[in-house]
Amino acid sequence: MRSRYCAFVLKNADYLINTWYPDCHAEQLRNDIQAGFEHTQWLGLTIFAIQDGSYDGEGFVSFVARYRDEQHDSAIIERSRFLNQNGRWYYIDGTRPEFGRNDPCPCGSGKKFKKCCGR
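Within every chain, residues take consecutive numbers counted from 1 along the sequence as written. Local features in a predicted model are, by the rule used here, given only for residues with pLDDT of at least 70; side-chain atom pairs are given and counted only at 80 or more, and totals for whole chains, interfaces and linings are based on all residues. The side-chain quantities take in all heavy atoms of the structure and omit both hydrogens and water.

Peer 1: Looking at this model, I keep getting lost on helix 1 (residues 2–9). Mind explaining?
Peer 2: Turn by turn, an α-helix covers 3.6 residues, leaving residues three or four places apart pointing in a common direction. Accessible area is worked out with a 1.4 Å probe on protein chains only. A residue is then buried under 20% of its type maximum, exposed over 50%, and partly exposed in between. Secondary structure counts use DSSP, requiring at least four H or I residues in a row for a helix and at least two E residues in a row for a strand, with both numbered from the N terminus. Considered for burial, the residues of helix 1 that qualify are R4, Y5 and A7. On an axial view of helix 1, the arc spanned by its buried residues comes to 155 degrees, and they lie on one face. Directions from the helix axis toward the C-beta atoms define the arc.

Next up, the structure:
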(Lines give C-alpha, C1' and ligand atoms only; values in the text may rest on other atoms or scores of the structure.)
Protein backbone atom coordinates (compact mmCIF):
# COMPACT_ATOMS: atom_id res chain seq x y z
CA MET A 1 0.00 0.00 0.00
CA ARG A 2 2.76 2.42 0.86
CA SER A 3 4.43 1.87 -2.49
CA ARG A 4 1.17 2.55 -4.35
CA TYR A 5 0.66 5.75 -2.34
CA CYS A 6 4.20 6.84 -3.27
CA ALA A 7 3.38 6.15 -6.93
CA PHE A 8 0.43 8.53 -6.67
CA VAL A 9 2.66 11.18 -5.06
CA LEU A 10 5.34 10.70 -7.74
CA LYS A 11 2.73 10.53 -10.54
CA ASN A 12 3.95 7.12 -11.65
CA ALA A 13 1.04 5.65 -13.64
CA ASP A 14 3.17 2.73 -14.87
CA TYR A 15 3.80 1.51 -11.33
CA LEU A 16 0.12 1.82 -10.38
CA ILE A 17 -0.96 -0.14 -13.44
CA ASN A 18 1.71 -2.81 -12.93
CA THR A 19 0.68 -3.37 -9.30
CA TRP A 20 -3.01 -3.79 -10.13
CA TYR A 21 -4.09 -7.42 -10.45
CA PRO A 22 -3.73 -8.33 -14.16
CA ASP A 23 -7.37 -9.45 -14.53
CA CYS A 24 -8.49 -5.91 -13.59
CA HIS A 25 -7.23 -4.52 -16.94
CA ALA A 26 -5.87 -1.36 -15.30
CA GLU A 27 -4.19 -0.25 -18.53
CA GLN A 28 -7.64 0.91 -19.63
CA LEU A 29 -7.60 3.38 -16.72
CA ARG A 30 -4.31 5.03 -17.69
CA ASN A 31 -5.86 8.28 -18.97
CA ASP A 32 -8.05 8.64 -15.87
CA ILE A 33 -5.09 7.97 -13.58
CA GLN A 34 -2.94 10.55 -15.34
CA ALA A 35 -5.75 13.11 -15.37
CA GLY A 36 -6.06 12.67 -11.61
CA PHE A 37 -2.41 13.60 -11.15
CA GLU A 38 -2.83 17.11 -12.57
CA HIS A 39 -4.59 18.89 -9.74
CA THR A 40 -3.92 16.59 -6.78
CA GLN A 41 -1.39 17.24 -4.05
CA TRP A 42 -1.01 14.30 -1.67
CA LEU A 43 -0.71 15.28 2.00
CA GLY A 44 -0.17 12.01 3.85
CA LEU A 45 -0.98 8.37 4.37
CA THR A 46 -2.15 6.72 7.59
CA ILE A 47 -2.50 2.95 7.66
CA PHE A 48 -4.77 1.95 10.52
CA ALA A 49 -5.22 -1.80 9.98
CA ILE A 50 -3.52 -4.70 8.20
CA GLN A 51 -5.37 -8.02 8.12
CA ASP A 52 -4.92 -11.45 6.62
CA GLY A 53 -7.63 -12.57 4.24
CA SER A 54 -9.83 -15.61 4.43
CA TYR A 55 -7.28 -17.67 2.50
CA ASP A 56 -3.52 -17.74 2.04
CA GLY A 57 -2.37 -15.03 -0.37
CA GLU A 58 -5.16 -12.57 0.39
CA GLY A 59 -4.63 -9.49 2.55
CA PHE A 60 -6.34 -6.24 3.47
CA VAL A 61 -4.96 -2.78 4.25
CA SER A 62 -7.21 -0.09 5.73
CA PHE A 63 -5.96 3.45 5.30
CA VAL A 64 -6.64 7.15 5.03
CA ALA A 65 -4.86 9.04 2.22
CA ARG A 66 -5.21 12.80 2.55
CA TYR A 67 -5.00 15.09 -0.45
CA ARG A 68 -5.71 18.60 -1.70
CA ASP A 69 -7.28 19.34 -5.06
CA GLU A 70 -8.14 22.69 -6.65
CA GLN A 71 -11.11 23.22 -4.37
CA HIS A 72 -10.45 21.70 -0.94
CA ASP A 73 -8.72 19.18 1.29
CA SER A 74 -10.20 15.72 1.30
CA ALA A 75 -9.36 12.08 2.02
CA ILE A 76 -9.70 8.62 0.59
CA ILE A 77 -10.67 6.13 3.27
CA GLU A 78 -10.51 2.58 2.01
CA ARG A 79 -10.08 -1.06 2.94
CA SER A 80 -7.98 -2.34 0.03
CA ARG A 81 -7.81 -5.99 -0.93
CA PHE A 82 -4.52 -7.42 -2.22
CA LEU A 83 -3.68 -10.82 -3.67
CA ASN A 84 -0.26 -12.44 -3.65
CA GLN A 85 0.62 -14.20 -6.88
CA ASN A 86 4.08 -15.70 -7.42
CA GLY A 87 5.49 -13.77 -4.46
CA ARG A 88 4.16 -10.39 -5.62
CA TRP A 89 1.25 -8.45 -4.09
CA TYR A 90 -1.36 -6.96 -6.41
CA TYR A 91 -4.15 -4.50 -5.68
CA ILE A 92 -7.59 -5.94 -6.48
CA ASP A 93 -10.22 -3.54 -5.20
CA GLY A 94 -11.29 -1.54 -2.19
CA THR A 95 -14.33 -0.73 -0.14
CA ARG A 96 -15.11 2.35 1.88
CA PRO A 97 -15.68 1.48 5.54
CA GLU A 98 -18.77 2.90 7.20
CA PHE A 99 -18.18 5.49 9.92
CA GLY A 100 -20.79 7.30 11.94
CA ARG A 101 -20.57 11.09 12.06
CA ASN A 102 -19.62 11.01 15.74
CA ASP A 103 -17.12 8.14 15.50
CA PRO A 104 -13.45 8.97 16.00
CA CYS A 105 -11.70 9.63 12.71
CA PRO A 106 -9.57 6.65 11.60
CA CYS A 107 -6.72 8.95 10.58
CA GLY A 108 -5.76 9.28 14.25
CA SER A 109 -6.31 13.02 14.53
CA GLY A 110 -8.39 12.65 17.68
CA LYS A 111 -11.26 14.53 16.04
CA LYS A 112 -14.70 13.21 15.25
CA PHE A 113 -15.03 11.78 11.75
CA LYS A 114 -17.53 14.52 10.71
CA LYS A 115 -15.03 17.26 11.66
CA CYS A 116 -12.05 15.62 9.98
CA CYS A 117 -11.88 13.23 7.00
CA GLY A 118 -15.68 13.01 6.78
CA ARG A 119 -16.03 16.64 5.61
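Still more to cover.
Peer 1: Just to check I follow, could you spell out the nonpolar core for this structure?
Peer 2: Soluble globular proteins tend to pack their nonpolar side chains together in the buried interior. Core analysis: the largest hydrophobic core is formed by 11 residues, namely A7, A13, L16, I17, W20, A26, I33, F37, V61, F82 and Y91. The element contributing the most residues to this core is helix 2 (residues 13–18), with three residues. Here A7 is in contact with N12, Y15, L16 and F37, once residues within four sequence places are set aside. By nonpolar core we mean a set of buried residues, namely Ala, Val, Leu, Ile, Met, Phe, Trp, Tyr and Cys, connected to one another through side-chain atoms within 4.5 Å. In this structure, V64, A75, C105 and C116 belong to the second largest nonpolar core, which totals eight residues. By definition in these notes, contact holds between two residues if any of their heavy atoms fall within 4.5 Å.

Peer 1: Sorry, what's going on with the side chain of R30 here?
Peer 2: Its location among the elements puts R30 in helix 3 (residues 30–38). Among the polar contacts listed, one links the side chain of R30 to the side chain of D14, at a separation of 2.9 Å. Once residues within four sequence positions are removed from consideration, R30 is found in contact with A13, D14 and I17. Contacts described as polar in this section are N or O atom pairs within 3.5 Å, which, within protein, must combine one atom able to donate a hydrogen with one able to accept it, while residues neighboring in sequence count only if both atoms come from side chains.

Peer 1: Could you clarify how one ought to interpret the sheet that holds strand 3 (residues 73–85) in this entry?
Peer 2: Strands pair in a sheet through their backbones, by hydrogen bonds, and they do so in one of two ways: parallel or antiparallel. Pairing is antiparallel across the open sheet formed by four strands, whose spatial order is 1-2-3-4. Strands with a single pairing partner mark the edges of an open sheet, and in this sheet they are strand 1 (41–52) and strand 4 (88–95). When the angles between neighbouring strand axes are averaged without regard to direction, this sheet yields 30 degrees. Being paired, for any two strands, means DSSP has found at least two bridges between them. For strand 2 (residues 58–68) and strand 3, the ladder comprises 11 bridges, and the chain directions are antiparallel. The partner of F60 across the bridge, within strand 3, is R81. Here an angle of 0 to 180 degrees is reported between the N-to-C directions of two axes, which are lines fitted to C-alpha atoms, with helices fitted over the stretch in contact. Along the sheet, helix 1 makes contact with strand 1, strand 2, strand 3 and strand 4, crossing strand 1 at roughly 165 degrees.

Peer 1: Would you explain the pairing of strand 4 in this entry?
Peer 2: Note on strand geometry: in a regular strand, side chains alternate between the two faces of the sheet. Relative to strand 4, strand 3 runs antiparallel, the two sharing seven bridges. Within strand 4, the position partnered with F82 by the bridge is Y91. The loop that links strand 3 with its antiparallel partner strand 4 comprises two residues; one of these, N86, has a positive phi angle of about 55 degrees.

Peer 1: Help me out: how do you make sense of the layout of surface pockets in this one?
Peer 2: Unoccupied space between atoms shows up once a probe the size of one water molecule is rolled over them. The calculated volume of the largest pocket comes to roughly 350 Å³. Around the largest pocket, the lining comprises 17 residues; the ones closest to its centre are R4, F8, W20, W42 and I76. When residues of the lining of the largest pocket are traced back to their parent elements, those giving at least two are helix 1, helix 3, strand 2 and strand 3. In terms of residue class, the lining of the largest pocket is made up of 12 nonpolar, three polar and two charged. Quantified by volume, the second largest pocket comes out at close to 250 Å³. Two kinds of site are reported from a 1 Å grid over the protein atoms alone, namely cavities, where a 1.4 Å probe fits but cannot get out, and pockets, open sets with protein on both sides within 12 Å along at least five of seven lines, and residues are called lining when an atom falls within 4 Å of a point. What lines the second largest pocket is a set of 16 residues, among which M1, R2, V61, F82 and W89 lie closest to the centre. At the level of elements, helix 1, strand 1, strand 2 and strand 4 are the ones that each hand at least two residues to the lining of the second largest pocket. Residue polarity is assigned by list, with Asp, Glu, Lys and Arg as charged and Ala, Val, Leu, Ile, Met, Phe, Trp, Tyr, Cys and Pro as nonpolar; anything else, Gly included, falls into the polar class. A class-by-class count of the residues in the lining of the second largest pocket yields 10 nonpolar, four polar and two charged. Grid points are joined across faces, edges and corners, and a volume is the space filled by probe spheres set on the points.

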